[in-house]
Every structure is written in C-alpha cells, then in structure tokens.
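# Chains, contacts and geometry: an overview
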Amino acid sequence: MRIKKVLGFMFFTSIFAGCGLLPKDTNKEIVVTMPKIDENKIVKIKYLGAGGVIIKRGEDSVMSSPFFSNFSIPELAFPIKCRKKIVDKYYKELKDDTVSGIIVGHSHYDHLIDLPYIHEKYHKDCKIYGSTTTKNLLLSERKYKIDESLIVDVSTKMAEKDKIGEWIWIKENKIRIMAIKSSHSPHFAGLKFYSGMLEKPMNKEPSLASDWVEGQTIAYIIDFMEDEKPVYRIYYQDAASSFPFGIFPKIDNKNIDTAILCVGGYSEAENYPQYILNEIKPESVMMIHWEDFFLPYDSNFMEIINIKEPIGKSTIKFRERVESIDKNIKTVIPTLGYSYLFMINN
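In short, a report on the structure.

Conventions adopted
- Residues numbered from 1 in each chain as written.
- Predicted model: local features only at pLDDT ≥ 70, side-chain atom pairs only at ≥ 80, totals over all residues.
- Heavy atoms only, no water.
- Helix = DSSP H or I, 4+ residues; strand = E, 2+ residues; numbered from the N terminus.
- Contact = heavy atoms within 4.5 Å.
- Areas by Shrake-Rupley, 256 points an atom, 1.4 Å probe, with all protein chains shown as cover.
- Buried < 20%, exposed > 50% of the residue type's maximum accessible area, 1.4 Å probe, protein only.
- Pairing = 2+ DSSP bridges.
- Right-handed = clockwise from strand over helix to strand, strands pointing away.
- Salt bridge = Lys/Arg side-chain N within 4 Å of Asp/Glu carboxyl O.
- Patch = residues over 30% accessible without salt bridge, like charges linked within 9 Å, V, L, I, M, F, W, Y side chains within 5 Å.
- Polar contact = N/O pair within 3.5 Å; in protein donor to acceptor, adjacent residues only side chain to side chain.
- Axes fitted to C-alpha atoms, helices over the stretch in contact; angles between N-to-C directions.
- Phe/Tyr/Trp six-rings, centres within 6.5 Å; stacked < 30°, edge-to-face > 60°.
- Lys NZ or Arg CZ within 6 Å of the ring centre and 35° of its normal.

### Examining the overall build of the protein chain
Broken down by element type, the protein chain carries seven helices and 14 strands. Sequence-distant contacts in the protein chain: of pairs separated by 6 or more residues, those separated by 24 or more amount to 73%. Just so you have it, the protein chain exposes about 15200 Å², and 52% of that area is on carbon and sulfur atoms.

In structure tokens form, the structure reads like this:
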C-alpha cells in the first residue's frame, strides 16, 4: 500500500511558501523531524482525493464526502456501485474518528456513491449536510440506509451574493458551517452531464452514473471556534463555479484563512477562480479534484509528481490564475493521502 501513516507536512513559513512537499517515491516513508506542536494551534487538512478532505483542529474535525471507487469511462455506461474493498483498503488508513460531520457540495457519483457505505461502516452517528437532492439520493439507498434524522438539508439556509446565510453547528462551540449557493461548471466543451434536481427519494436504488444528478451545488464556510469566536476560517468548494455563484456578503471581520478550490472544470468556468479570490482574499489556497478519477485510485499517486498530461499542466495553470490575483497567496497542490499543516496566527 502506498499510503503511509507517516505523513508529509506543509508549514506555511517563508521557507515553504507557495510550494508543496512532494515525495519522489511514494513507496518510501517520509520521516519528518519536528518539534512538538500544540494541536490547537494548527489546522490539519488531509487530502482524500476528488472533493474529499478531512479538516481537523485538535480533536475536532469535519470531512467532505470522499470518493475511492474510481470508474473508467466505459464502465459508466453500465450500472456502478461502491467498491467496498477499494474503500476499505484506503479509507481505513485515512479515516479520522474525530469527524463530527460530513459536508457534501453536490451529488454527482464521484462525490456521493461511496458515502452510504463509508457512513455505515466508519461514521454511523455523523450527520451529513447537503442539498435536497443529496438528501433524497441518500434516502434512495437500500443497502446502506442512513436515518433521515442524520441528513440535514441546508438548502433553505444558504448564503447568496446579497444574502447572509445561517450558521449550522457541526459540533457545539467548536465547528460551525455556512452553506453558500454555488454552481457547477460544464465538464467539457460547454457540456455538463448529470444535471438535475431530485425533489423526493427515488422508487429504486440509484445504479447508473446518470442517477446521481448534481442537485444544487453548494460551497461552505467552515469555522473552527474558540471562546465563541472563529479562530480559523476555511472556504470550501468542490466544483468550479461562475459569477455570482459561490460569493457572499461580508459576515464579520474574520478573514478567510484557507480556500479549498476545485481544479477540475476550471477552464470551463469564466474567470474562475479569480472572481472568487477577489471576493474572499484568502491567505492560502489548496487545490483539490485535480487527479484523473477515471483511473484506479492508487494510479493517481504518481501523476502529480510526473506532471502527467493533462493533469499536471492543469494544476500549474490553475496556480497561475491564483497568482495573477495575488502572488502572495500560498498555494498547495496536495498529494493523495497526505496531510498539510496550517498555522493559526490568532
């Protein structure tokens, strides 16, 4: 197995600013010597692949929906289902038992198909937060049923360009989120696949890729709290969007510390991510959903290192777009299975 328990770390200091710490050989463990750090003084973001991340401070964490069951393009013409053995092979090494809630940005299969099994086996008591479509697709699942009380529809609480949304507590006094109305870019040449909404559960279990319709795409603000104040704020978005979606009015005086943004489809969205960055002005950006999820999950470990066409170039071009707004924004292209540390300066 290429995922190692010894993780690569990224410190945002003047030494490492703007570059990732990438292993030359992911079959070898990386030993990092470092002083003992107060876990409450850092936020750790672990990249699971696709839109999946685990964001942790101390013993408090939230996860976005992960995806491991990569399917080839020909396989998408036939019924698909969660590949439990693949999920178990990787997620048992990556999981974090402190996860208090799971957020879902949209409902395509590469964001939702593995979630019922992962929830059932690893996070049975966690609440899931997403759109009406997300809720109804999860309620359509027959084998790994999730109690309806654990699925929170955030659709009526979303922020929009001129409207502040409602805070939702993931963990009382520790983690809160605000949903933001967003959008999903076309996939290729202006074409977008698997659009649509699901207003009630299906009368059958979703089996085709086309059953996992997008629904309302949602971005999130995630706050880690201390003494009733946010000490670290993250902007999360799992799909490239177009103006005015994904932006929101000024909430308070707290800035965005880190923006987690989607590389996939960025070139199909006008002025993305520039218009988002102009609004939220983060100190750092982590680029997710960069890998080729039509290939087996573990094949993507080497892509970022090899700068494989077209994946590698897309991350470089995305970084150039970020730096065109502000060259001082620190950028990270994360490697699957690795964690990155962000210092809390408050």
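### Here's the deal with the pairing of strand S4 (residues 99–103)
Consecutive residues of a regular strand have side chains that alternate between opposite faces of the sheet. With four of its five residues buried, S4 lies for the most part within the structure. With three bridges connecting them, strand S3 (residues 60–64) and S4 associate as parallel partners. In the sheet register, Ser64 faces S4, and the bridge partner there is Ile103. Traced from S3 through helix H1 (residues 84–94) to S4, the parallel crossover comes out right-handed.

### Remarks on the pattern of salt bridges
Considering all chains together, one arrives at 16 salt bridges under this definition. In this structure, Asp88 and Lys121 form a salt bridge, with 3.2 Å as the shortest nitrogen-oxygen distance. You can see Asp88 sitting in helix H1 and its partner Lys121 sitting in helix H3 (residues 115–122), a full 33 residues away along the chain. Sharing partners across several salt bridges, the network here consists of Arg176, Asp223, Arg233 and Asp252.

### Some details on a nonpolar patch on the surface
A grouping of Phe188, Leu191 and Phe193 is seen on the molecular surface, where their side chains present a nonpolar patch of about 340 Å² in accessible area. Looking at the element boundaries, Phe188 is found in the loop between strand S8 (175–181) and strand S9 (218–226).

### Side note on the side chain of Lys254
You can see Lys254 is positioned in the loop between strand S10 (229–236) and strand S11 (258–262). A distance of 2.9 Å separates the side chain of Lys254 from the side chain of Asp257, its partner in a polar contact.

### Quick notes on the sheet that holds S11
Backbone hydrogen bonds hold the strands of a sheet together, and the pairing may be parallel or antiparallel. Taken together, seven strands build an open sheet; the order of strands is S7-S8-S9-S10-S11-S12-S13 and the sheet is mixed. Of all strands in the sheet, those bounded by a partner on one side alone are strand S7 (168–171) and strand S13 (330–332). Across this sheet, the average inter-strand angle for adjacent strands is 25°, counted without regard to direction. Sheet topology places S9 next to S10; seven bridges connect them, and they run antiparallel. Note on S10: the bridge partner recorded for Glu226 is Lys229.

### As for the sheet that holds strand S2 (residues 52–57)
The mixed open sheet is built from seven strands, whose spatial order is S6-S5-S4-S3-S2-S1-S14. For this open sheet the edge positions go to strand S6 (151–153) and strand S14 (339–343), each flanked by a neighbour on one side alone. Adjacent strand axes in the sheet meet at a mean angle of 20°, parallel and antiparallel pairs treated alike. One ladder, built from three bridges, connects S4 with strand S5 (residues 127–130); its direction is parallel. Of the residues in S5, the one forming a bridge with Ile103 is Tyr129. Packing against the sheet, helix H4 (residues 132–140) makes contact with S5 and S6, and its axis sits at approximately 150° to S6.

### Topic: the packing of aromatic side chains
Inspection of every chain in the model, using the stated rule, returns 16 aromatic pairs. Taking 6.3 Å as the distance between ring centres and 20° as the angle between the ring planes, the aromatic pair formed by Tyr235 and Phe248 counts as stacked. Separated by 13 residues along the polypeptide, Tyr235 in strand S10 and Phe248 in the loop between S10 and S11 bring together distant segments of the chain. Each member of the pair, Tyr235 together with Phe248, is buried. For the pair Phe243 and Tyr275, a centre-to-centre distance of 5.7 Å together with 80° between the ring planes defines the contact as edge-to-face. You can see Phe243 sitting in the loop between S10 and S11 and its partner Tyr275 sitting in helix H5 (residues 274–280), a full 32 residues away along the chain. Relative accessible area serves as the criterion here: at 6%, Tyr275 is assigned to the buried category. These aromatic residues form a ring-pair network of at least three members: Phe67, Phe71, Tyr109, Phe293 and Phe294. Looking at Arg176, its charged tip hangs above the ring of Trp167, at a distance of 3.8 Å from the centre.

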